[in-house]
Amino acid sequence: MKLALKDVKIIEFGEMICIPYCGKLLADLGAEVIKIEKPGVGDAARRRGPFLDDIPGPERSGLFLYLNTNKKSVTLSLEKPTGREIFHKLVKDADVLLEDTAPGKLARMGLAYKDLRKINPSLIMSSVTPFGQTGPWRNYKTSDLVNWQVVGAGYVTPRWAGTPNQEPLRVLNTASYMTAASVAAATMGALHHQRRTSHGQQIDISQMEALMGLVAEHTNWWPYEGMSPTRTSIPEGAPRHFFKVKDGWVFVYADEPHHWERLVEIMGKPDWAQIDMFKTGKSRGEYWESLQPLIAEWIKDKTKAEIFEAGKAKGVPLSRVNTMEDVLKNPQFVERAVFVDIAHPVAGKLTYPGAPYKFAESPWSLRSPAPLLGQHNVEIYGDRLGYDKKDLVKLYEIGII
Amino acid sequence: MKKIEKARALDGIRVTEFTTSWVGPESGLILSQMGADIVRIENPAMPDYWRRVSPAYFRGEGLDKSGYFAILNRGKKSCVLDLKKPENVEIAKRLVKISDIVIANFAPRVMDNLGLGYAALKEVKPDIIMIAASGYGATGPDRAGVAFGPALEPYSGVSILFGNPGGPPLPSGVTITDHHGALSTALAALVALHHREQTGEGQYVDIAEVETMLTIMPEAIMSYTMNRYVPPPDGNHDEVMAPHRCYRCQGDDKWVAIAVANDEEFRALCKVMGQLSLSNDERFNDGFRRYKNQNELDEIINNWTLTQDANDVMTRLQKAGVASAPAYSAEELFRNPQLLARDFFVEHEHPLVGKKVLPGVFAKFSETPAEIRGSDPLFGEHTEWVVTKLLGMTRP
């Protein structure tokens, strides 16, 4: 199999979602990713659910299993000089170091970029922090909730909330995943330069700055219109709303003139659709209270599939609200093999989300499941770095690996 | 060889965009920031979606004063070609011939119908990289579905996973499917470029926005595939952290997010609130108890924040080691001290709208600084330049 990144060596030093997901994106395309975990406990994601059969365990976390496919796990503590010496050896041969430590933390251990480039001038060090390596907030903490709010995504979520009493919400942990994709893109850009010039560099990625693209639809309003959209803004057009149907929910998005005309046809051209106050997307938004019950009455006995198929046939963005069961059974996803099974020595064979893209020549692939904690210590420290078995036992007993 | 201090990571890489709306243009913007030269082909009969839905357009001020368009297309060149005419398809092919990457985000069959599908482009440029992003992908029974960002969220399954407990599905307020689709598109282009540099081989990449969403909600998917259930939406509450919500502050629609990860942070929060005794309260004195009793705790915190300024709460909590930030509006972002201290914003001079300050680059590179390369192009501003100067052709 052709692997696009088979010549790329990555050291991953990060926990939970952001850095591990970035490592996964590159590992799944063929990069060798050596994941450094804390001796004894490992990545914090090993302690996060969902767990297989709701029985916790470091090799049973669905989150960890998903985020760490195709990687090698070594355990290493940087607290002791020998640990830092091993870190040097790992970094010496690497193209990329992905890391998420707080600004200054690695520097205090003599592992700042300026130190590491002395042993590897080609090294790309992609450093992710909540707010960046510099500035008055550099030591501030974040979380997915805080990320989502601090970039203004929460101020407008949920959209068209109707009341300012609606708390600004976040959407799952998507901020961490999206930041990870930005880190991967930045790293690939730097790698392109490295392969041309053999120059490495440090990339300073502030999660806040990386996420500003998520809110560009709203931020442009301030410089251009001198105002800030909120989640209580009324829809600029309607319908753009969820409706209850016989077997769940659908989303009706038909504010544009040609979409509305086609929706009216789908609804069988009811007389009320000709009323003046429903003529334009804007007026339908203004008179939404009157229009909503009319559509709701027509749609309530339909099924999700009927509405979605009607939209597809007529070219209107009518969507079905898929449950997880729907998503897993969805013929579109099944035909495109979007979900992939892989067996893990402890968790067994499970179904995982697959790739965000389909490469024709150098396909994405799951070649190995997430590693057991420290599974590759012997291979990396012994076979590659030349420590003998007795040294490895000693390093383990002392708590360095 | 260019001088190193001025090098950009993607110097010399040329991208042609056959795009509209969000996904393609934002992916091009990311590549442009790293140094790629971008020409956008625009359709005279149907100019870019965001050119047409701007407040300025609705005021009758034309296609060139859209903030939406500006923010996604800064530093690119605009070439207007009616691709229904064969002579213009020929111009497009000549442009592809000198390009490294083609980004398309029309419905899957559109490029084929124009005679600009991957097979046709490969004939012109054997190692061309073509990234085709669409709502549902190029194959499968739903490939023809009309793709609009907000309608892709419910299809991907995300709409029933977040929101208020017991409430209906909700739309996110942001272009989540489009933004993540754009990141996936840019990443795919860079990976394909790496593959080409190693092997000399171009390729076609098919991206479905709905599938890019599935890869960023694995908690729910793995929960379902492992245990056949998915936890219901629970607002901003976290699986482990508590308290973990947005709390209402002084002023009109002001909120502050607070996320407490452990006992030490909780003690710090109680101290800042001036209610240190709460940290010993038996309802809240460990993570399990806080999790179980968080609705009570939320009310106590909310009663405190109601009398506080959101920025002030954040500063005091962060100095005490607790993750916190206000729910910022667009206006507040432009005054944000951290973004300002890092010179995040960039100013552009646009011939029709004048000086505008807009958000800057997505990452800071020490050796190949990313850069927003000028303001957004006027509709068709570079058509003449592309055809006559870049391609050395005469206009038909």
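Engineer: Could you clarify how one ought to interpret the interface of chain A and chain B in this entry?
Structural biologist: It is common to give the size of an interface as the accessible area that goes away when the parts come together. The interface is formed by 143 residues belonging to chain A together with 151 residues belonging to chain B. With both chains or domains summed, chain A and chain B bury close to 12,800 Å², and 64% of this area falls on carbon and sulfur atoms. For the chain A face of the interface with chain B, the top three residues by lost area are A:E209, A:Y224 and A:M324, together amounting to 6%. The residue B:D206 makes a salt bridge to A:R336 at a minimum N-O spacing of 2.8 Å. Linking chain A to chain B there are 67 residue pairs in polar contact (both at pLDDT 80 or more). Here the side of chain A that touches chain B takes 17 residues from helix α7 (residues 174-197) of chain A, the largest share from any one element. Residues of the side of chain A that touches chain B, tallied by class, amount to 75 nonpolar, 41 polar and 27 charged. The sheet contact formed by strand β6 (residues 201-206) of chain A and strand β12 (residues 364-365) of chain B spans 2 bridges and is antiparallel.

Engineer: Sorry if this is basic, but what is going on with the packing of aromatic side chains here?
Structural biologist: What characterises a pair of aromatic rings is the spacing of the ring centres plus the angle enclosed by the ring planes. Counting across every chain of the model gives 26 aromatic pairs over all chains. Measuring from ring centre to ring centre gives 6.3 Å for A:F333 and A:F339, while their planes differ by 85°; the resulting arrangement is edge-to-face. On the basis of relative accessibility, which here comes to 1%, the residue A:F333 falls in the buried class. What links up through ring pairs into an aromatic cluster is the set A:W221, A:F242, A:F251, A:Y253, B:W22, B:Y49, B:W50, B:Y68 and B:F148. Stacked on the ring of A:Y66, the Lys or Arg A:K24 has its end atom at 4.4 Å from the ring centre.

Engineer: Honestly, the environment of B:G140 in this entry has me stumped. Any pointers?
Structural biologist: Within the element layout of this structure, B:G140 appears in the loop between β5 (129-134) and α8 (149-156). In this structure the C-alpha to C-alpha distance between B:G140 and B:R51, which are 89 residues apart in sequence, comes to 31 Å. Beyond its immediate sequence surroundings of up to four residues, B:G140 is in contact with A:Q332 and A:E335.

Engineer: When you look at the packing of helix α11 (residues 257-266) of chain A against helix α14 (residues 304-314) of chain A in this model, what are you seeing that I'm missing?
Structural biologist: The description of two packed helices rests on the angle between their axes and on the distance between the axes. Residue and element names in this part refer to chain A. Between α11 and α14, whose axes approach to 10 Å, the crossing angle comes to 125°. The pairing of α11 with α14 is recorded here as oblique in orientation. In this structure, α11 crosses over α14, and the sense of that crossing is right-handed. Contacts between α11 and α14 involve R262, E265 and I266 on the former and, on the latter, A310, G311 and K314. Across the contact of α11 with α14, the residue classes break down as 2 nonpolar, 1 polar and 3 charged.

Engineer: Help me understand the state of the cysteines, please; the structure alone is not making it clear to me.
Structural biologist: A disulfide bridge is the covalent bond that connects two cysteines by way of their sulfur atoms. All names here are of chain B. Counted according to the given criterion, the structure contains 0 disulfides over all chains. Take C246: it sits in no disulfide, and the sulfur closest to it among the cysteines is that of C249, at 9.4 Å. With a relative accessible area of 2%, C246 lands in the buried category.

Rules used in this analysis
Residues numbered from 1 in each chain as written. Chains lettered and ligands numbered in written order. Predicted model: local features only at pLDDT ≥ 70, side-chain atom pairs only at ≥ 80, totals over all residues. Heavy atoms only, no water. Contact = heavy atoms within 4.5 Å. Buried area = accessible area lost by both parts, 1.4 Å probe. Salt bridge = Lys/Arg side-chain N within 4 Å of Asp/Glu carboxyl O. Polar contact = N/O pair within 3.5 Å; in protein donor to acceptor, adjacent residues only side chain to side chain. Helix = DSSP H or I, 4+ residues; strand = E, 2+ residues; numbered from the N terminus. Nonpolar A, V, L, I, M, F, W, Y, C, P; charged D, E, K, R; others polar. Pairing = 2+ DSSP bridges. Phe/Tyr/Trp six-rings, centres within 6.5 Å; stacked < 30°, edge-to-face > 60°. Buried < 20%, exposed > 50% of the residue type's maximum accessible area, 1.4 Å probe, protein only. Lys NZ or Arg CZ within 6 Å of the ring centre and 35° of its normal. Axes fitted to C-alpha atoms, helices over the stretch in contact; angles between N-to-C directions. Parallel < 35°, antiparallel > 145°, perpendicular 65-115°, else oblique. Left-handed = near helix turned anticlockwise from the far one by under 90°. Disulfide = S-S within 2.5 Å.

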